[in-house]
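A structural walkthrough
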Amino acid sequence: LGSDLSSSASKKLTSTSRAVGLAMIIDNLEQNALAWLGGLLNERARLQQKLAEYLEARKVIREHPVGSEEHLTANANALDLLEAVASFTDISTGNAGERNPLLEKFHAAKDQHIFRILSTIATPTHSSKSRIRAFDELPKRVQSQGEAAVKFVKGLVRKCAMGDFLNQEIVHHCILLAQECGMQDDWESCRKFLKCVQLTADHFPIIFDFV
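Structure report, in brief. Computed from a predicted structure; not experimentally measured.

As a further point, take the environment of Glu 70. Inspection of the secondary structure assignment puts Glu 70 in helix α3 (residues 69–86). Along the sequence, Glu 70 and His 173 sit 103 residues apart, while their C-alpha atoms lie 47 Å from each other.

Here's what the structure looks like:
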């Protein structure tokens, strides 16, 4: 159930196999371990939401003339949101009342493709391919900003992107397998798959708009 971090990864499991493995793991977790996993998933959901808010705030900046009061206010609001995003990573957001130079430089990047790639992982409905692309391309695109920026985007993608342990495709297969088990009156197996569905619904309800 490990995550494939590159397009060249071998021995990939099918989504059905991952769904079965997920059900086995979730069903055998003790309550404290399940609570820990829930906390991890909740953090990812909050990070995705905050990243989406930052990317939307960037669009607002472009609605105002450069140098205007509205433009400066919108830019400051976006930077505040970027600092909130960074608080989920290992990057320091700086002292109170001070901007982190790393985040300011990242925010001012001319390469708009950086933010387009980030937008593909800012919701839990993205595919494994989007995750792999973000891991492959983002570090290269911020390399000119220094090693700290590379570390920042790597940590951001790692904490934000849906891995191969739990994602939309795997949850979809959990639903299908639960239905199949129910049709065969295998209610115990059905319960195990539905437990995974419930866990996902608790933290990423938007996924069920697309399955």
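Now that the structure has been shown, we can carry on.
A few words now on the packing of aromatic side chains. Taken as a whole, this structure holds 3 aromatic pairs when the rule is applied. Ring centres of Tyr 54 and Phe 115 lie 6.4 Å apart, and the angle between their planes is 65 degrees; on these two criteria the pair is classed as edge-to-face. Taken together, the positions of Tyr 54 in helix α2 (residues 31–61) and Phe 115 in helix α5 (residues 113–119) put the pair 61 residues apart, joining distant regions of the chain. There is no split in this pair, since Tyr 54 and Phe 115 are both buried. It is Arg 58 that lies over the ring of Phe 115; its NZ or CZ is 3.5 Å from the centre.

Time to look at the nonpolar core. Within the largest apolar cluster, 37 residues are counted, with the highest numbers of intra-cluster contacts made by Tyr 54, Phe 106, Leu 118 and Phe 152. Elements with a contribution of two residues or more to this core: α2, α3, α4 (101–107), α5, α6 (128–141) and α7 (147–160). Excluding anything up to four places from it in sequence, Tyr 54 contacts Ala 78, Leu 81, Leu 82, Val 85, His 107 and Phe 115. Core analysis: the next-biggest nonpolar cluster, separate from the first, contains 23 residues, Ile 26, Val 171, Cys 174 and Ile 207 among them.

Reading the values: rules and limits
Residues numbered from 1 in each chain as written. Predicted model: local features only at pLDDT ≥ 70, side-chain atom pairs only at ≥ 80, totals over all residues. Heavy atoms only, no water. Helix = DSSP H or I, 4+ residues; strand = E, 2+ residues; numbered from the N terminus. Phe/Tyr/Trp six-rings, centres within 6.5 Å; stacked < 30°, edge-to-face > 60°. Buried < 20%, exposed > 50% of the residue type's maximum accessible area, 1.4 Å probe, protein only. Lys NZ or Arg CZ within 6 Å of the ring centre and 35° of its normal. Core = buried A, V, L, I, M, F, W, Y, C linked by side-chain atoms within 4.5 Å. Contact = heavy atoms within 4.5 Å.

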